[in-house]
Amino acid sequence: MRQQLAGFLTIAALACGWAQAGQTRCADHVPQPKPQNASRDIVGQDLETILERGFITFAAYEDFPPWSYEEAGRIKGADIDLARLIAAELGVEARFTLVAAGENLDADLRNWIWKGPVVGGSVANVMLHVPYDSEFACRVEQVVFTGQYHVEEVAIAYRRDAYPEDPPLPAYFRFDSVAVENDSIADFYLSAFPGGQLSGNIRRYPTAAAAMAGLDRAETKAAMGPLAQLEAGLTAQTAVHTPPLPGFSAGTWTAGVAVHFSYRPLAYAVEDAIAAALQDGRIAGIFAAHGLSHRPPELR
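Counting restarts for each chain: residues are numbered from 1 in the order of the written sequence. Restriction of local features to residues with pLDDT of at least 70 applies here, the model being predicted, together with a cutoff of 80 or more for giving and counting side-chain atom pairs; totals for whole chains, interfaces and linings are based on all residues. The basis for every side-chain value is the complete set of non-hydrogen atoms in the structure, without hydrogens or water.

### Digging into helix H8 (residues 208-216)
The following threshold applies: Only protein chains enter the accessibility calculation, which uses a 1.4 Å probe; a residue is then buried when its area is under 20% of its type maximum, exposed when over 50%, and partly exposed in between. Each helix corresponds to a stretch of at least 4 residues labelled H or I by DSSP, and each strand to a stretch of at least 2 residues labelled E; elements are numbered beginning at the N terminus. Note: the arc covers the axis-to-C-beta directions of the helix. We call two residues in contact when some of their heavy atoms are within 4.5 Å.
Of the residues making up H8, those classed as buried are Ala208, Ala211, Met212, Gly214 and Leu215. For H8, the buried positions fall inside an angular range of 155° around the axis, keeping them on one side. Residues of H8 that are buried sit in contact with strand E6 (143-159), strand E7 (178-181), strand E8 (202-205), strand E9 (222-226), helix H9 (227-231) and strand E10 (238-241). Phi for alanine 218, located one or two positions after H8, is positive at around 65°.

### Observations concerning the packing of aromatic side chains
Stated formally: Put simply, two rings from Phe, Tyr or Trp (the six-membered ring, in Trp's case) pair if the centres are within 6.5 Å, and we call them stacked under 30 degrees between planes, edge-to-face over 60, tilted for the rest. Lysine NZ or arginine CZ positioned within 6 Å of the ring centre and within 35 degrees of the ring normal marks a charge as sitting over the ring.
Scanning the entire structure with this criterion turns up nine aromatic pairs. On the basis of an interplanar angle of 45° and a centroid distance of 6.1 Å, the ring pair of tyrosine 163 and tyrosine 172 is categorised as tilted. The ring centre of phenylalanine 55 lies 4.1 Å from the NZ or CZ of arginine 53, which sits over that ring. For the cation-ring pair, arginine 95 lies above phenylalanine 55, with the distance from its terminal atom to the ring centre recorded as 3.8 Å.

### Description of the pattern of salt bridges
When the charged atoms of two side chains with opposite charge come close together, those side chains can pair. Selection criterion: Any carboxyl oxygen of Asp or Glu that lies within 4 Å of a side-chain nitrogen of Lys or Arg is treated as forming a salt bridge with it.
One pass over the full model with this rule turns up 10 salt bridges. For the salt bridge of aspartate 161 with arginine 159, the shortest nitrogen-to-oxygen distance reads 3.2 Å. The exposure class of arginine 159 is buried, given its relative accessible area of 10%. Where arginine 282 meets aspartate 280, a salt bridge forms, and the shortest distance between an N and an O atom there is 2.8 Å. Salt bridges sharing partners connect three or more residues here, namely Glu89, Asp280 and Arg282.

### Quick look at helix H11 (residues 282-289)
Of the positions making up H11, those classed as buried are Ile283, Ile286 and Phe287. All buried residues of H11 lie within an arc of 95° about the axis, which places them on one face of the element. When the buried face of H11 is taken as reference, the exposed residues oriented beyond 90 degrees from it are Ala288 and Ala289. Among the structural elements, helix H4 (78-90), E6 and helix H10 (264-279) are those in contact with the buried residues of H11. After H11 finishes, the residue glycine 291 shows a positive phi value of roughly 70°.

### Examining the confidence of the model for the chain
Our working definition: Values of pLDDT, the confidence the predictor places in each residue, fall between 0 and 100.
Averaged over the chain, the pLDDT score is 87; the fraction of residues at 70 or greater is 85%. Predicted confidence for residues 10-24 stays below pLDDT 50, and this span has eight contacts to residues more than four positions away or in other chains.

### Thoughts on the environment of tryptophan 253
Structurally, tryptophan 253 can be placed in strand E11 (residues 252-260). As a C-alpha pair, tryptophan 253 and aspartate 133 span 120 residues in sequence and 8.0 Å in three-dimensional space.

### Regarding the pairing of strand E1 (residues 55-61)
To be explicit about the condition: Only when DSSP finds a minimum of two bridges between them are two strands counted as paired.
Counting buried residues in E1 gives seven out of seven residues, a clear majority hidden from the surface. Here E1 shows a buried face lined by Phe55, Thr57, Ala59 and Tyr61 and a second buried face lined by Ile56, Phe58 and Ala60. Strand direction decides the pairing type here: E1 and strand E4 (residues 93-99), joined by seven bridges, are parallel. Bridging across to E4, tyrosine 61 finds its partner in valine 99. Both E1 and strand E5 (residues 126-132) contribute to a ladder of two bridges, which runs parallel. Each residue of the ladder has a partner; that of phenylalanine 58, found in E5, is valine 126.

### Things to note about the pairing of E8
To keep it simple, the criterion reads: The path from the first strand over the helix to the second decides the hand: if it runs clockwise while the strands point away from the viewer, the crossover is right-handed.
Pairing of E7 with E8 involves four bridges; the strand directions are parallel. If you follow valine 178 over to E8, its bridge partner there is isoleucine 202. Traced from E7 through helix H7 (residues 185-191) to E8, the parallel crossover comes out right-handed.

### Focus: unusual backbone geometry
The omega torsion across proline 65 and proline 66 is 5°, close enough to zero to call that bond cis. You can see proline 66 is positioned in the loop between E1 and strand E2 (69-71). Even without being glycine, histidine 129 reaches a positive phi, approximately 55°. The residue histidine 129 is located in strand E5 in this model. Look at histidine 129 and you get buried, because its relative accessible area is 2%. One non-glycine residue, aspartate 183, lies in the positive phi region at around 60°. Relative to the helices and strands, aspartate 183 is located in the loop between E7 and H7.

Spelled out as structure tokens, the structure:
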């Protein structure tokens, strides 16, 4: 997920720059192939079929706490609870497939929404935690991007004893050590900080959870990554904040869901369920139950 997300946000930032330079949105996109002559079990099921059979299938990223992960044989996480909320709104059961992140978001959507993997598995009705960008959505025509439910942002966690007065800023890491998930967007940002000034103090870990565990063990003074993943690893010795990040145009992004383009009624039903839960506070309640800060997206 980390490389896929970092790559997606890099593309999104470039797209934003092109738009600001005056280019027409999606003016140069090339239409992509759509599934043809594929059986229903390959491309998914429509809303009527879902209601008739009594269950809806969700694809969620594996080993992605606090969003989706397996613990003691149970699938858990904030995205999993969101999916169960959607299913309850439709009056059906939620069923899950935890999937590995592919090389990029295009591959994930191809494998789990509109075509299916080459070996093993099949598409899901809904894919969870899909980062949204209007340029990207315009280019990927096989997918409906909908149900935006949370704005994610990059944050910095830190040891309270290392920074008893002022929480750290990126410039502090010229002298202080900072943990990141390897090949994550935080890793890319800090590595590219002007002049490579911070490179000697970056400590890379296999996951954000491992980075936060290293911070708790005082292997570093701080950690940087998506706010929710840092919040999930907080202890009594650590805290987190969201400072300004100079030169970081992709420091925030919106998470939503994806549905096969052929099934607009399903996309509308999922969007309505999420919109209602945003309005009445149920999604905020899910985040609170997981100890996470919720930042609802702006209405479009």
